[in-house]
Amino acid sequence: WNGKRKAADISKGALWSSISLNKDSYFLGKKAPRKLGAAPEMRNGHVYVPLEFLSDILNLKVSQDKNGQITISLAGK
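Rules of the game
- Residues numbered from 1 in each chain as written.
- Predicted model: local features only at pLDDT ≥ 70, side-chain atom pairs only at ≥ 80, totals over all residues.
- Heavy atoms only, no water.
- Phe/Tyr/Trp six-rings, centres within 6.5 Å; stacked < 30°, edge-to-face > 60°.
- Lys NZ or Arg CZ within 6 Å of the ring centre and 35° of its normal.
- pLDDT = per-residue confidence, 0-100.
- Helix = DSSP H or I, 4+ residues; strand = E, 2+ residues; numbered from the N terminus.
- Pairing = 2+ DSSP bridges.

Caption draft 1: Broad picture of the packing of aromatic side chains. By the definition in use, this model includes one aromatic pair. The ring of Y48 carries the charged tip of R43 above its face, separated from the ring centre by 5.7 Å.

Caption draft 2: Seen up close, the confidence of the model for the protein chain. The predicted model of the protein chain has a mean per-residue pLDDT of 84, with 96% of residues at 70 or higher. Confidence scores differ between elements of the protein chain, with helix α1 (residues 51-57) showing the lowest mean pLDDT of 79 and strand β4 (residues 41-43) the highest of 91.

Caption draft 3: Spotlight on the pairing of strand β6 (residues 60-64). Sheet analysis places β6 next to strand β7 (residues 70-74), joined by five bridges and oriented antiparallel. From the neighbouring strand, Q64 faces β7, where its bridge partner is I70. Hairpin geometry of β6 and β7 is characterised by an intervening segment of five residues between the two adjacent antiparallel strands and by a positive phi of about 90° at G68.

Caption draft 4: Summary view of unusual backbone geometry. For K6, which is not a glycine, the phi torsion comes out positive at approximately 55°. Among the secondary structure elements, K6 is positioned in the segment before β1 (7-12). Phi is positive for N22, close to 60°, though the residue is something other than glycine. Among the secondary structure elements, N22 is positioned in the loop between β2 (15-20) and β3 (26-28).

Listed below in structure tokens is the structure:
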């Protein structure tokens, strides 16, 4: 977390991304920003992003059961 920029920098292996609060965009690598679909928000000290960011960008497996419970795991596991 970078409090000065109000941004979260995320890395997974060689993959690097950055998101900023209240901005509907993210950086992937050092390329131009892309749209998220919704701006990240901070609630009670936690940053929330659209689920697609986790599945499409960080390549995590995201599933939701019939009760609305969301499970996030490493892709392929």
